Amino acid sequence: MTADLERLLRDVGPVDADAAQERFVRRAVDDGLADVAYAPVDSPVGELMAAVTRRGLVRLAYEDGRGDAVLSDLAARVSPRVIEAPARLDDVRRQLDEYFAGRRHAFDLAIDWELTHGFTRRVLQSTARIPFGELGTYRSVATRAGNAAAVRAAGNALGANPMPIVVPCHRIVRTGGALGGYTGGVQRKEFLLTLEGTLPR
Amino acid sequence: MSLPPFQTVLEEHREDVLRFLTASIGRQEADDVFQETFLAALRAYPRLKRADNLRGWLLKIASRKAIDAHRARKRAPVPAEHVDPGAAPPASSALPDEALWEAVRALPDRQRTAVVLRFTFDLAYRELGDVMDSSEEAARRNVFEGLKKLREEYR
């Protein structure tokens with residue numbers, strides 16, 4: 001009898017954890033507990049991982065198999081309350097879709113600059129002001145960030161851009177027109193500049 | 001020390017927490033208490049000092065929430081006019097052996113918690129003591145007493 005009882009106690013039957021999780025995520029977002037809300041976003045340049053805080057877009061990453069690392073980094077540097085909540089990313093997703101469809105030239109998104117500091121932040125904020133259809137140079141963003149000699153540091157700052165595409169580091173090329181590097185690989189830089197009609201030849 | 005993203009914790013342990021709650025308070029209420037458990041966990045998460053036994057931490061929160069739910073139910077019984085004595089419980093809410101689980105849920109709080117953790121989860125007595133904030137010995141005794149009652153009532 002005891003063995004039988006113990007066996008019976010092991011079987012709770014099936015549970016619907018998906019439904020429970022879905023309700024929990026909605027409650028967590030409504031209660032303002034999802035400090036970092038993220039979701040995958042499809043794009044012609046591969047899957048992206050987008051994350052927002054209450055202040056705005058904090059991260060847009062080329063997934064490239066490093067989604068887990070991106071989330072761990074957000075947990076360590078922003079808040080461990082990282083929740084997958086696609087509804088919070090609807091606006092980001094819609095604007096990216098419009099951009100890739102050629103129907104949007106400027107993003108209208110609040111930005112949370114928390115992951116950037118000092119010179120890097122100034123370089124990226126200056127880059128964010130370069131409009132669709134124009135290009136800048138490493139030297140010009142270094143100058144506008146307050147240090148004309150720091151061309152290489154400006155390149156590093158752009159390589160550490162936590163929000164490529166939305167902060168358009170792809171619009172920065174070398175003086176003389178060579179493409180230079182890109183955080184997601186040069187092929188993606190070519191794709192984006194072709195989309196914008198500014199690929200140097 | 002850095003904590004993993006909460007989403008990882010949720011996905012890794014949601015099934016265990018829901019199974020524990022289903023066993024402790026029944027399928028009907030398990031979903032509500034699941035919400036309360038994970039909301040409380042998410043609130044406290046950034047202040048957590050160690051991440052080496054997240055399952056134990058979640059089961060501890062879940063067991064407290066389950067006890068709260070039991071007490072709330074005793075304070076607020078279902079109004080008589082809503083009870084249809086002839087009605088069988090709805091099929092979707094039935095655990096595999098409903099009579100047994102009714103008996104489990106009728107156990108005193110600590111015995112119920114101990115029995116579910118021990119048998120539904122195969123928790124060792126030491127781990128069980130950690131989750132229940134008691135000694136290994138007390139955990140063993142609660143399991144023993146609980147099983148004894150179940151054997152008397154469930155034949």
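The shown structure was predicted, so the numbers you read here are calculated from the model rather than taken from an experiment.

Engineer: In this structure, what is going on with the pairing of strand 3 (residues 57–62) of chain A? I would like to understand it.
Structural biologist: Two faces make up the sheet, and in a regular strand the side chains alternate between them. Residues and elements named next belong to chain A. Here strand 3 lies mainly inside the structure; six of its six residues are buried. Judged from the five bridges that link them, strand 2 (residues 48–52) and strand 3 form a sheet pairing that is antiparallel. When the sheet's bridge partners are listed, Ala51 is paired in strand 3 with Arg59. Between strand 2 and strand 3, which pair antiparallel one after the other, the connecting turn spans four residues, and Gly56 there sits at a positive phi close to 150 degrees.

Engineer: What is the right way to read the packing of aromatic side chains from this model?
Structural biologist: The description of an aromatic ring pair rests on the distance of the ring centres and on the angle between the ring planes. For the coordinates displayed, the defined rule picks out 11 aromatic pairs over all chains. With 5.7 Å between their ring centres and 55 degrees between their planes, Phe24 of chain A and Phe38 of chain B make a pair best called tilted. With Phe24 of chain A in helix 2 (residues 17–30) and Phe38 of chain B in helix 2 (residues 27–44), the pair connects residues from two separate chains. Note on Phe38 of chain B: relative accessible area 0%, which makes it buried. Here the aromatic rings of Phe34 of chain B and Phe38 of chain B are separated by 4.8 Å at their centres, their planes lie at 50 degrees, and the arrangement is tilted.

Engineer: Which parts of the structure should I look at to understand the interface of chain A and chain B?
Structural biologist: Note on interface size: it is often stated as the accessible area lost on association of the parts. Each partner contributes to the interface: chain A provides 34 residues, whereas chain B provides 39 residues. Interface area, chain A with chain B, both sides summed: about 3400 Å², of which 65% is carbon and sulfur. When the buried area of chain A at its contact with chain B is split by residue, Leu9, Val12 and Phe24 of chain A rank highest and sum to 21% of it. At the junction of chain A and chain B, the tally comes to five salt bridges. Among the ionic pairs, Asp31 of chain A bridges to Arg43 of chain B, the shortest N-O distance being 3.7 Å. Counting across the chain A and chain B interface gives 16 residue pairs in polar contact (both at pLDDT 80 or more). Elements supplying a minimum of two residues to the side of chain A that touches chain B: helix 1 (2–9), helix 2, helix 3 (67–77) and strand 4 (82–84) of chain A. Top contributing element to the side of chain A that touches chain B by residue count: helix 2 of chain A, with nine residues. Residue classes in the side of chain A that touches chain B are distributed as 20 nonpolar, four polar and 10 charged.

Engineer: I tried to follow the domain arrangement of chain B on my own but got confused; where do I start?
Structural biologist: Residue and element names in this part refer to chain B. According to the domain assignment, chain B contains domain 1 (1–76) and domain 2 (98–155). Put simply, the middle of domain 1 and the middle of domain 2, counted by C-alpha atoms, are 18 Å apart. The interface of domain 1 with domain 2 comprises 17 residues on the first partner and 15 residues on the second. Taken together, the links from domain 1 to domain 2 amount to six residue pairs in polar contact (both at pLDDT 80 or more). For the side of domain 1 that touches domain 2, the secondary structure elements donating two or more residues are helix 1 (6–25) and helix 3 (54–75). With nine residues, helix 3 is the single largest residue contributor to the side of domain 1 that touches domain 2. Its residues assigned to classes, the side of domain 1 that touches domain 2 shows five nonpolar, six polar and six charged.

Engineer: How should the pattern of salt bridges be read in this particular structure?
Structural biologist: A full pass over the atoms with the stated rule returns 29 salt bridges over all chains. Put simply, Glu98 of chain B and Arg105 of chain B hold a salt bridge, and the shortest N to O gap is 2.9 Å. By the burial criterion, Glu98 of chain B is buried, and Arg105 of chain B matches it. Counted as one network, the salt bridges with shared partners bring together Asp91, Arg94, Glu98 and Arg104 of chain A.

Scoring rules and cut-offs
Residues numbered from 1 in each chain as written. Chains lettered and ligands numbered in written order. Predicted model: local features only at pLDDT ≥ 70, side-chain atom pairs only at ≥ 80, totals over all residues. Heavy atoms only, no water. Buried < 20%, exposed > 50% of the residue type's maximum accessible area, 1.4 Å probe, protein only. Helix = DSSP H or I, 4+ residues; strand = E, 2+ residues; numbered from the N terminus. Pairing = 2+ DSSP bridges. Phe/Tyr/Trp six-rings, centres within 6.5 Å; stacked < 30°, edge-to-face > 60°. Contact = heavy atoms within 4.5 Å. Buried area = accessible area lost by both parts, 1.4 Å probe. Salt bridge = Lys/Arg side-chain N within 4 Å of Asp/Glu carboxyl O. Polar contact = N/O pair within 3.5 Å; in protein donor to acceptor, adjacent residues only side chain to side chain. Nonpolar A, V, L, I, M, F, W, Y, C, P; charged D, E, K, R; others polar. Domains from an automatic or database assignment.

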